Amino acid sequence: MKNWLTRIAMPITVAAAAALSGLAGPAAAAPPTPNPTGSFYLDDPDVFGHDCPGFRVLAQLTGKSKEIGLSRDRVIAISPATKITLTGPTGKSVTYNITGTSHVQNLAGGGKEIRATGHNLLLVPEVTEGPAPHGEEIFFTTGNVNYALTAKGEEARLFSGPGKAVAVCELLK
């Protein structure tokens, strides 16, 4: 599961779209990848490694995801009919349709520029250094947002754009 589409602020487009593995060349589609059938914790290092500050979040995914490799080092990750239910420590839960699409441009040096459109879940880790430190959070986004990752999969730029974002952790307390 570690290679799913979120490391840092990658949408779980929510991710569950398989690893932005830099498919290049003419359009090439991988077969759809089913999401895990059981519940899992988002902070599990083998999954995403991030969730809400101070408490664990249990997740349950349904649906499938797929990557489509395009020319010029681009990838589109899609997750049709994908839903996620997130449950906090008190039993409060939220369910989102996360059917958005992530358009990924692989950059020289291994970084990635990502434009997430539609309904996505972004897992944002705590960043304590650099020009824009911020806490760990989960965001449900609608519309268009973009962000960048380093070659190591770390946040190079926090998401921004005209899309709307809901901070999910507060809803799960």
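All residue numbers here refer to positions counted from 1 along the written sequence of the relevant chain. In view of the model being predicted, local features appear only for residues whose pLDDT reaches at least 70, and side-chain atom pairs are presented and counted only at 80 or more, with totals across whole chains, interfaces and linings using the full set of residues. Each side-chain value is derived from all of the structure's non-hydrogen atoms; neither hydrogens nor water enter the calculation.

Quick notes on the pattern of salt bridges
Line of reasoning, step 1. Here, a salt bridge means any side-chain nitrogen of Lys or Arg that lies within 4 Å of a carboxyl oxygen of Asp or Glu. Applying the stated criterion to the full structure yields three salt bridges.
Line of reasoning, step 2. When the shortest N-O distance is used, the salt bridge between Arg 157 and Glu 113 registers 2.6 Å. In this pair, Arg 157 is assigned in strand E14 (residues 155–160) and Glu 113 in strand E10 (residues 112–117), connecting sequence segments 44 residues apart.
Line of reasoning, step 3. Whether a residue is buried, partly exposed or exposed follows from its accessible area with a 1.4 Å probe, protein chains only, as a fraction of its type maximum: under 20%, in between, or over 50%, in that order. Using a relative accessible area of 32% as the deciding quantity, one classes Arg 157 as partly exposed.
Line of reasoning, step 4. Looking at Glu 113, the relative accessible area reads 27%, which means it is partly exposed.
Line of reasoning, step 5. Its salt-bridge partner being Glu 170, residue Lys 173 comes within 3.2 Å of it at the nearest N-O pair. Comment: elements are numbered from the N terminus, with helices defined as DSSP H or I runs of at least four residues and strands as E runs of at least two.

Examining the state of the cysteines
Line of reasoning, step 1. Only a pair of cysteine sulfur atoms within 2.5 Å qualifies as a disulfide here. The full count for this structure, using the stated rule, is one disulfide.
Line of reasoning, step 2. Across the disulfide from Cys 52 sits Cys 169; the S-S distance is 2.0 Å. Torsion about the S-S bond of the Cys 52 and Cys 169 cystine: about -90°, corresponding to left-handed handedness. With Cys 52 in the loop between strand E3 (40–41) and strand E4 (58–62) and Cys 169 in helix H1 (residues 169–172), the pair connects residues that are 117 residues apart, well separated along the chain.

Details of the packing of aromatic side chains
Line of reasoning, step 1. Pairing of aromatic rings covers Phe, Tyr and the six-membered ring of Trp, with a centre-to-centre limit of 6.5 Å; geometry is then stacked below 30 degrees between planes, edge-to-face above 60, and tilted otherwise. Summed over all chains, the structure comprises two aromatic pairs.
Line of reasoning, step 2. Pairing Phe 139 with Phe 159 gives two aromatic rings, centres 5.0 Å apart and planes at 70°, and the pair type is edge-to-face. Note that Phe 139 is positioned in strand E12 (residues 137–142) and Phe 159 in strand E14, a separation of 20 residues in sequence.
Line of reasoning, step 3. Judged by its relative accessible area of 16%, Phe 159 falls in the buried class.
Line of reasoning, step 4. When the NZ atom of lysine or the CZ atom of arginine is within 6 Å of a ring's centre and also within 35 degrees of its normal, the charge is said to sit over that ring. Between the NZ or CZ atom of Arg 56 and the centre of the ring of Tyr 41, over which it lies, the distance is 3.8 Å.

Notes on the sheet that holds strand E15 (residues 164–167)
Line of reasoning, step 1. DSSP bridges decide pairing: two strands pair if at least two such bridges lie between them. Taking strand neighbours across the sheet as the criterion, the three strands line up as E11-E12-E15 in an open arrangement whose pairing is antiparallel. Every interior strand has two partners, whereas the edge strands, strand E11 (119–124) and E15, have only one. With direction set aside, neighbouring strand axes in the sheet form an average angle of 25°.
Line of reasoning, step 2. Direction of pairing for E11 relative to E12: antiparallel, over a ladder of six bridges. Counterpart to Leu 121 in the pairing with E12 is Phe 140. Between N-to-C directions, angles cover 0 to 180 degrees, with each direction set by a line fitted to C-alpha atoms, over the stretch in contact for helices.

Details of the pairing of E12
Line of reasoning, step 1. Within E12, five of the six residues are buried, leaving the element largely enclosed by the surrounding structure.
Line of reasoning, step 2. Note: E12 against E15, four bridges, orientation antiparallel. Pairing of Thr 142 across the sheet is with Lys 164, part of E15.

As for the confidence of the model for the chain
Line of reasoning, step 1. Across the chain, the average pLDDT comes to 78, with 78% of residues at 70 or higher.
Line of reasoning, step 2. pLDDT: the predictor's confidence for each residue, scored from 0 to 100. Pairs of residues are marked as contacts when any of their non-hydrogen atoms sit within 4.5 Å. In this model, residues 1–30 is a region of pLDDT below 50 whose contacts with residues beyond four sequence positions or in other chains number 130 contacts.

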